[in-house]
Amino acid sequence: MMKLLLTIHHELDRIFIPPPDSQAIDQALERLITHRSYLEKLRRNAYATAKKYSWQRIARDNLTLYEADLSHKRGTK
């Protein structure tokens, strides 16, 4: 199966926080508030990542995944 093409990286263009972990949320918010350069790095990188994914690209990538999966299924019969 083809690898998913969208890639997001923890602490490069996002912060991953486990859902029910309120302490991790507090720590992440404190870090964003007290380390302006870290906030700016995340903001810039997240924006650059988001710009790569237009609806046209998402549709094209999904079509490629579907075609690869269909081709694989046809080859295994």
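Look up: the structure comes first, before these words.
This section reports on the structure supplied with the text.

### Points about the overall build of the protein chain
Working step 1: Each helix and strand counted, the protein chain has three helices and zero strands in total.
Working step 2: The N-to-C order of helical and strand elements in the protein chain reads α-α-α.
Working step 3: A total of 77 residues make up the protein chain; the buried ones form 10% of that total.
Working step 4: Across the protein chain, the fraction of contacts at a sequence separation of at least 24, relative to all contacts at a separation of at least 6, is 61%.
Working step 5: Roughly 6600 Å² of accessible area belongs to the protein chain as shown, and the carbon and sulfur atoms make up 59% of that amount.

### Focus: a nonpolar patch on the surface
Working step 1: Judged by side-chain polarity, Ile25, Leu29 and Ile33 come together as a nonpolar surface patch covering roughly 290 Å² of accessible area.
Working step 2: Residue position: isoleucine 33 is located in helix H1 (residues 22–34).

### Considerations on the pattern of salt bridges
Working step 1: All chains considered together, the criterion is met by five salt bridges.
Working step 2: Between arginine 31 and glutamate 11 there is a salt bridge; the shortest N-O distance is 3.0 Å. Highlighted residues: arginine 31 in helix H1 and glutamate 11 in the segment before H1, separated in sequence by 20 residues.
Working step 3: Residue arginine 31 is classed as partly exposed on the basis of its relative accessible area of 33%.
Working step 4: A salt bridge links arginine 36 to glutamate 40; its shortest N-O distance comes to 3.7 Å.

### Section: the environment of histidine 10
Working step 1: Within the secondary structure, histidine 10 is located in the segment before H1.
Working step 2: Residue histidine 10 is classed as partly exposed on the basis of its relative accessible area of 42%.
Working step 3: Distance from histidine 10 to leucine 42, taken between C-alpha atoms, is 9.5 Å for residues 32 residues apart in sequence.
Working step 4: Not counting the four nearest positions on each side in its chain, histidine 10 is found in contact with Ile15 and Phe16.

Quick notes on the rules
Residues numbered from 1 in each chain as written. Predicted model: local features only at pLDDT ≥ 70, side-chain atom pairs only at ≥ 80, totals over all residues. Heavy atoms only, no water. Helix = DSSP H or I, 4+ residues; strand = E, 2+ residues; numbered from the N terminus. Buried < 20%, exposed > 50% of the residue type's maximum accessible area, 1.4 Å probe, protein only. Contact = heavy atoms within 4.5 Å. Areas by Shrake-Rupley, 256 points an atom, 1.4 Å probe, with all protein chains shown as cover. Patch = residues over 30% accessible without salt bridge, like charges linked within 9 Å, V, L, I, M, F, W, Y side chains within 5 Å. Salt bridge = Lys/Arg side-chain N within 4 Å of Asp/Glu carboxyl O.

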